[in-house]
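Now for the letters of each chain:
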Amino acid sequence: MEASGGGKMDPGGWLPLLQEYRLTALHSETVLRGSLLPDLSPTSPEVQAVLDGWEGSAHLHKEDGVTDVVLVYSLDERPASRHWVHALLFLATLLTTHAAGAMMLGRDPFATHVLAIGGLLVPYPTSIRWGMLVTGAPFAVPFMCVLLAHEMGHFVAARIHRVRATLPYFLPFPPYLSIIGTIGAFIRLRGPTVRRAGLFDIGASGPVASFLLSIPLLAVGFSLSDTVPAEASITTPFMVRFVGESVWLGSGLLTSGLAWMFGPEGALSGVLVLHPLAFAGWLGLFVTALNLIPIGQLDGGHILYALFRERQGNVARAFVIALVPFGLLWRGWWAWAAILVVLHRGRMVHPPVLQPAPEVGAPRSVLGWILVVIFFLTFIPVPLSL
């Protein structure tokens, strides 16, 4: 049983109903944890009366004759959201991804110059050629839609479960240092997750959204791509051009299947030069796979903990170890493993939710296994080769 809302409040109405409780502060929210008096249950009139007037988030779970209570609320007024920051970062990333898309066509909308500092070459923009910039739209627009869908999936799921979350922060990056013009996007959860079902929904919603959007982008993009008669590597059969240079891209089970189904004739026997739309879809599946890695607080870590909380730590540690031999194929996996270990401070185990006892239910379990299959279908052993 749950009641949800928000605002400045005092939990005084709950205190006479609890036999014990404790207060903690988590993510700028106040959390009260306790248990109902032995003669009370979630359906008792006294409890229902307090629930009806409660504006915060209330989570009651009865097991073995004891009703566990978790209340999440704010004692102070919440600070105003700075929507202008999110909008500015979004527009800046839209600019840099458009520039990256233009550079795939051999155009430089930033009129880039290179400054030599000792033995180091530092590229820098000198102007913006707007007419040239818009030619990058076939890549930038669908790719930004994939990132936005992924992050808004998390955001909407968090709101449904009454977990405070920020709007997406997009991270622009100079396109001459990154061929996609960004290093991604993220949202921040500013409230605690109480139950595993909520954690599952928040973790799964992003990969589901980006996966579902990337499939049609990749299918249409493959149909617009061209094959060149050359011997392709088994691990990196796709190619995009960036300022006249060739960048080789890897393939997983799903991308190979889609290339065979929707690509031009001979797509798997030669080198497939990806249309910008196909590259956007390829990136969408790659982002989906990265986020489904079952480590710590990645989306895959959320999902695995929600389904099998006792086993998540062992799976996470095994996966980090597995990245070592994969690094022999692509050294980027070593860097990615190191980043994950540093960001999680060596702890691969997901932090516990406040009320772990309630199960996630059969529908979420089925979806969880589907996402495991999606991870293996979208995982690319050798993503990139220059």
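Note that this is a predicted model, so its numbers are computed, not measured.

About the thresholds
- In every chain, residue numbers begin from 1 and rise along the written sequence.
- With the structure being a predicted model, the display of local features is reserved for residues of pLDDT at least 70 and the display and counting of side-chain atom pairs for 80 or more, all residues being used for whole-chain, interface and lining totals.
- Remark: hydrogens and water are excluded; side-chain values derive from all non-hydrogen atoms of the structure.
- Each helix is a run of DSSP H or I of at least 4 residues and each strand a run of E of at least 2, with the numbering of both proceeding from the N terminus.
- To estimate the expected span of a helix, subtract one from its residue number and multiply by 1.5 Å.
- Note on classification: 1.4 Å probe, protein chains only; a residue is buried when its accessible area is under 20% of the maximum for its type, exposed when over 50%, partly exposed between these limits.
- Read the arc as the range of directions from the helix axis to the C-beta atoms.
- Throughout, a residue-residue contact means that at least one pair of heavy atoms, one from each residue, lies within 4.5 Å.
- A pair of strands is considered paired only if DSSP assigns at least 2 bridges between the two.
- Throughout, nonpolar core names a set of buried Ala, Val, Leu, Ile, Met, Phe, Trp, Tyr and Cys residues whose side chains join them through atoms within 4.5 Å.
- A patch consists of residues exposed above 30% relative accessible area that lack any salt bridge, with like charges linked at up to 9 Å and nonpolar side chains (Val, Leu, Ile, Met, Phe, Trp, Tyr) linked at up to 5 Å.
- For every accessible area listed, the method is Shrake-Rupley and the probe measures 1.4 Å; residues are considered covered only by the protein chains on display.
- By definition, a salt bridge exists where a carboxyl oxygen of Asp or Glu is found within 4 Å of a side-chain nitrogen of Lys or Arg.

### With respect to helix α10 (residues 332-343)
Phase 1 of the analysis: Given a rise of 1.5 Å per residue, twelve residues ought to cover 16 Å, and the 16 Å separating the end C-alpha atoms of α10 matches this to within 8%.
Phase 2 of the analysis: Looking at α10, one finds that the buried residues are Trp333, Ala337 and Leu340. Down the axis, α10 shows its buried residues gathered within 65 degrees of arc, on one side only. Residues of α10 that are exposed and angled more than 90 degrees away from the buried face: Val342 and Leu343.
Phase 3 of the analysis: As for α10, its buried residues are in contact with α7 (276-291) and α9 (312-326).
Phase 4 of the analysis: Looking one or two residues beyond α10, the residue adopting positive phi is Arg345, at roughly 55 degrees.

### Remarks on the pairing of strand β7 (residues 120-124)
Phase 1 of the analysis: Bridge count between strand β6 (residues 113-117) and β7: five bridges; the pairing is antiparallel. Considered in β7, the bridge of His113 is made with Tyr124.
Phase 2 of the analysis: From the end of β6 to the start of β7, which pair antiparallel, there are two residues, and Gly118 there has a positive phi angle of about 65 degrees.

### Structural notes on the sheet that holds strand β10 (residues 226-228)
Phase 1 of the analysis: On the basis of which strands lie adjacent, the open sheet formed by five strands has the order β10-β13-β11-β12-β14 and mixed pairing. The sheet is open, and its two borders are formed by β10 and β14 (384-385), each paired with just one other strand.
Phase 2 of the analysis: Pairing of strand β11 (residues 238-242) with strand β13 (residues 271-273) involves two bridges; the strand directions are parallel. Counted as the bridge partner of Met239 is Val273 from β13.

### Quick notes on the nonpolar core
Phase 1 of the analysis: Grouped together as the largest cluster of nonpolar side chains are 54 residues, with contacts concentrated most on Phe139, Phe222, Phe279, Trp282 and Ile295.
Phase 2 of the analysis: Examining the composition of this core, we find that eight residues originate from one element, α7, more than from any other.
Phase 3 of the analysis: Contacts of Phe222, omitting those with residues within four sequence positions, involve Phe238, Thr255, Leu258, Ala259, Phe262, Gly263, Pro264, Leu272, Leu274 and Ala278.
Phase 4 of the analysis: Within the second largest apolar cluster, 15 residues are counted, among which are Trp14, Leu18, Ala58 and Leu60.

### As for the environment of Arg82
Phase 1 of the analysis: Positionally, Arg82 belongs in the loop between β5 (66-73) and α2 (83-104).
Phase 2 of the analysis: Along the chain, Arg82 and Leu167 lie 85 residues apart, while their C-alpha atoms are 9.4 Å from each other.

### Details of a nonpolar patch on the surface
Phase 1 of the analysis: On the surface, Leu115, Ile117, Leu120 and Tyr124 cluster together to form a nonpolar patch covering roughly 370 Å² of accessible area.
Phase 2 of the analysis: Looking at where Tyr124 falls in the secondary structure, it is placed in strand β7.
Phase 3 of the analysis: Taking relative accessible area as the criterion, Tyr124 reaches 34% and is therefore assigned partly exposed.

### Things to note about unusual backbone geometry
Phase 1 of the analysis: Backbone geometry at Ala111 places phi at a positive 45 degrees, although glycine is not the residue there.
Phase 2 of the analysis: By secondary structure assignment, the location of Ala111 is in the loop between α2 and β6.
Phase 3 of the analysis: With phi around 50 degrees, Val243 is a residue other than glycine that occupies positive phi space.
Phase 4 of the analysis: Following the sequence through the fold, Val243 ends up in the loop between β11 and β12 (245-249).
Phase 5 of the analysis: Under the relative-accessibility criterion, Val243 is labelled partly exposed at 48%.

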